[in-house]
Amino acid sequence: MTVGTCRVELQIPANASLKGKRQVLRSIKDRVRSRFNVSIAEVDRLDEWKRATVGIACVSNDARFADEVLSKVVNLIESSADALILDYEISIVT
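Residues numbered from 1 in each chain as written. Predicted model: local features only at pLDDT ≥ 70, side-chain atom pairs only at ≥ 80, totals over all residues. Heavy atoms only, no water.

Visitor: Pulling in residues and values, what's your account of helix α1 (residues 18–35)?
Guide: In an α-helix, one full turn covers 3.6 residues, which means residues spaced three or four apart are oriented alike. End to end, α1 covers 26 Å across 18 residues, agreeing with the expected 26 Å (1.5 Å per residue, within 8%). Of the residues making up α1, those classed as buried are Gly20, Lys21, Val24, Leu25, Ile28 and Val32. Projected onto a plane normal to the axis of α1, the buried residues spread over an arc of 130 degrees and lie on a single side. Residues of α1 that are exposed and point more than 90 degrees away from the buried face comprise Lys19 and Ser34. Residues of α1 that are buried make contact with β1 (2–11), β2 (39–44), β3 (51–60) and α2 (63–78). (Helix = DSSP H or I, 4+ residues; strand = E, 2+ residues; numbered from the N terminus. Expected span 1.5 Å × (residues − 1). Buried < 20%, exposed > 50% of the residue type's maximum accessible area, 1.4 Å probe, protein only. Arc of directions from axis to C-beta. Contact = heavy atoms within 4.5 Å.)

Visitor: I'd like a description of the environment of Lys19, backed by residues and values.
Guide: Here Lys19 is to be found in helix α1. On the basis of relative accessibility, which here comes to 62%, the residue Lys19 falls in the exposed class.

Visitor: So, the packing of α1 against α2: which residues are in play, and what are the values?
Guide: Close contact between α1 and α2 brings their axes to 10 Å; oriented N to C, the two are set at 140 degrees. Viewed along their axes, α1 and α2 adopt a mutual orientation that is oblique. The handedness of the crossing between α1 and α2 comes out as right-handed. Contacts between α1 and α2 pair Ile28, Arg31, Val32 and Arg35 from the former with Val73, Leu76 and Ile77 from the latter. A class-by-class count of the residues in the contact of α1 with α2 yields five nonpolar, no polar and two charged. (Axes fitted to C-alpha atoms, helices over the stretch in contact; angles between N-to-C directions. Parallel < 35°, antiparallel > 145°, perpendicular 65-115°, else oblique. Left-handed = near helix turned anticlockwise from the far one by under 90°. Nonpolar A, V, L, I, M, F, W, Y, C, P; charged D, E, K, R; others polar.)

Visitor: Please provide a residue-by-residue account of the nonpolar core, values included.
Guide: Leu10, Val32, Val38, Ile56 and Val73 are the most contacted members of the largest nonpolar core, which totals 23 residues. Contributions of two or more residues to this core are made by β1, α1, β3 and α2. Beyond its immediate chain neighbours, meaning those up to four positions away, Val73 contacts Val32, Phe36, Val38 and Ile56. (Core = buried A, V, L, I, M, F, W, Y, C linked by side-chain atoms within 4.5 Å.)

Visitor: Residue-level account of the sheet that holds β3, with values.
Guide: In space, the four strands of this open sheet follow the order β2-β3-β1-β4, with antiparallel pairing throughout. Edge positions in the sheet fall to β2 and β4 (84–93), since each has one partner strand and no second. Direction aside, neighbouring strands of the sheet carry axes that sit 20 degrees apart on average. With nine bridges joining them, β1 and β4 adopt antiparallel strand pairing. Paired with Leu10 across the two strands is Ile85, which belongs to β4. Set on the sheet, α1 makes contact with β1, β2 and β3; between it and β2 the angle comes to about 150 degrees. Packed onto the sheet, α2 meets β1, β3 and β4 and runs at close to 170 degrees relative to β4. (Pairing = 2+ DSSP bridges.)

Structure below.
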């Protein structure tokens, strides 16, 4: 069994409230869940308006497949007009 995890640091520049932040994150999480069979959740910076950290997890029997899926998730988040990726880290545990 292989577990892939990804931590993505986001900046939400056009945001002015926690409510706006939650709307942007909900949109991103819904798009990721609808396209990929992964778990995604906000994991840090819960009370900051313009920054967020999301965690993504993928379980597979192939490390290369898990890495590929997580890379595609990062690319999808990167294409979002509402948030900018500041940093991300992918880890694969076999």
